[in-house]
Amino acid sequence: MINQRIKEIRKVIKNKKLIVVSKNRSIDEIYEAYRIGHRDFGENRVQELIKKYEQLPKDIKWHMIGHLQKNKVKYIVPFIHLIHSVDSLELIRKINSVSEKNNVKTKCLVQIKIAEEDSKFGMSPEDFEEIKKHLPNYQSINIIGLMGMATANVNKNQTKKEFDFLHEIFKKSNNLNTLCMGMSQDYKIANECGSNMFRIGSFIFN
Ligand SMILES: *Cc1c(COP(=O)(O)O)cnc(C)c1O
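Bear in mind the structure is a predicted one, so any value in this text is a computation, not a measurement. (Residues numbered from 1 in each chain as written. Predicted model: local features only at pLDDT ≥ 70, side-chain atom pairs only at ≥ 80, totals over all residues. Heavy atoms only, no water.)

Q: Before we move on, can you summarise the side chain of His-38 with the specific residues and values?
A: Structurally, the position occupied by His-38 is in the loop between helix 2 (27–35) and strand 2 (40–43). Judged by its relative accessible area of 11%, His-38 falls in the buried class. With residues up to four places along the chain from it excluded, the contact list for His-38 reads Ile-6, Arg-10, Leu-18, Val-20 and Ala-33. (Helix = DSSP H or I, 4+ residues; strand = E, 2+ residues; numbered from the N terminus. Buried < 20%, exposed > 50% of the residue type's maximum accessible area, 1.4 Å probe, protein only. Contact = heavy atoms within 4.5 Å.)

Q: An account of the layout of surface pockets is requested, with residue identities and associated values reported.
A: Quantified by volume, the largest pocket comes out at close to 510 Å³. The wall of the largest pocket is formed by 26 residues, among which Lys-23, Ile-65, Met-149, Met-183 and Arg-199 lie closest to the centre. When the residues that make up the lining of the largest pocket are grouped by side-chain class, the tally is nine nonpolar, 12 polar and five charged. Its boundaries defined by the atoms lining it, the second largest pocket holds a volume of some 310 Å³. (1 Å grid on protein atoms, 1.4 Å probe; cavity = no way out; pocket = protein on both sides within 12 Å on 5 of 7 lines; lining within 4 Å. Points joined across faces, edges and corners; volume = space filled by probe spheres on them. Nonpolar A, V, L, I, M, F, W, Y, C, P; charged D, E, K, R; others polar.)

Q: So what's going on with the site of the ligand? Which residues, and what values?
A: Surveying the vicinity of the ligand reveals the residues Val-21, Lys-23, Asn-44, Ile-65, Met-149, Met-183, Ser-184, Arg-199, Ile-200, Gly-201 and Ser-202. Contact between the ligand and Lys-23: an oxygen atom at 2.8 Å from a side-chain N or O atom of the residue. Residue Arg-199 places a side-chain N or O atom 2.8 Å away from a nitrogen atom belonging to the ligand. In isolation the ligand has 380 Å² of accessible area, and contact with the protein removes 86% of it. (Near = heavy atom within 4 Å. Polar contact = N/O pair within 3.5 Å; in protein donor to acceptor, adjacent residues only side chain to side chain. Areas by Shrake-Rupley, 256 points an atom, 1.4 Å probe, with all protein chains shown as cover.)

Q: So what about the pattern of salt bridges? Which residues, and what values?
A: Applying the stated criterion across every chain, the model contains 11 salt bridges. A salt bridge links Lys-132 to Glu-129, with the nearest nitrogen and oxygen atoms 2.9 Å apart. You can see Lys-132 and its partner Glu-129 sitting in helix 6 (residues 125–132), three residues apart, about one turn around the helix. What makes Lys-132 partly exposed here is its relative accessible area of 25%. Here Glu-192 ties to Lys-156 by a salt bridge, and the two come within 3.9 Å at their closest N and O atoms. Taken together, the residues Glu-192 in helix 8 (residues 187–192) and Lys-156 in helix 7 (residues 156–172) connect sequence positions 36 residues apart. Residues participating in the shared-partner salt-bridge network are Glu-43, Arg-45, Glu-48 and Lys-52. (Salt bridge = Lys/Arg side-chain N within 4 Å of Asp/Glu carboxyl O.)

None of the figures reported here should be taken as evidence of function without further support.
Set out below in structure tokens:
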């Protein structure tokens, strides 16, 4: 079942990166994906992420995809593969200092707000422009790309507009190689709009 769904996604996204979103899924369910070769998993809550990290094989690459509070950075920096949800300069500073202490360089994406809803996290494109100037000061954090979430349950044109918008920002930014957008509902549109990393959960597990 999981296998079938992933094959279906692969037909669309080909060899681009797929993050299997495992939030709210059991250890057994994650193992099902692990056994067929999946190693990249995404979680949106620190506590659940740590619990699963402890219980599952250590060759799994964990992705923090949800909003991250500064006081929780220290729990995930030692093992996290990629933080998708960097949305402020304060958080960049925190990740940088904790990474320095741990002697690691932490890979991150900056989350840009592209959706209309107030509930979606992320910084404005203007704030990102400003923050870019400060990045050379933070040598223990490596910003490799951008992440965005489109407005849920709107028509395809609106979704496409939001993804195109982020793609434009991505193209204008040098030194970035990852554009992470697209979930169960909208990964096909995201693919058309230049995404090269997808976060998909319910379509795979339901
Ligand atoms: C849950 C979640 C996803 C996956 O959503 P699905 O609709 O289950 O594919 C992707 N990104 C973030 C940030 C999430 O919290």
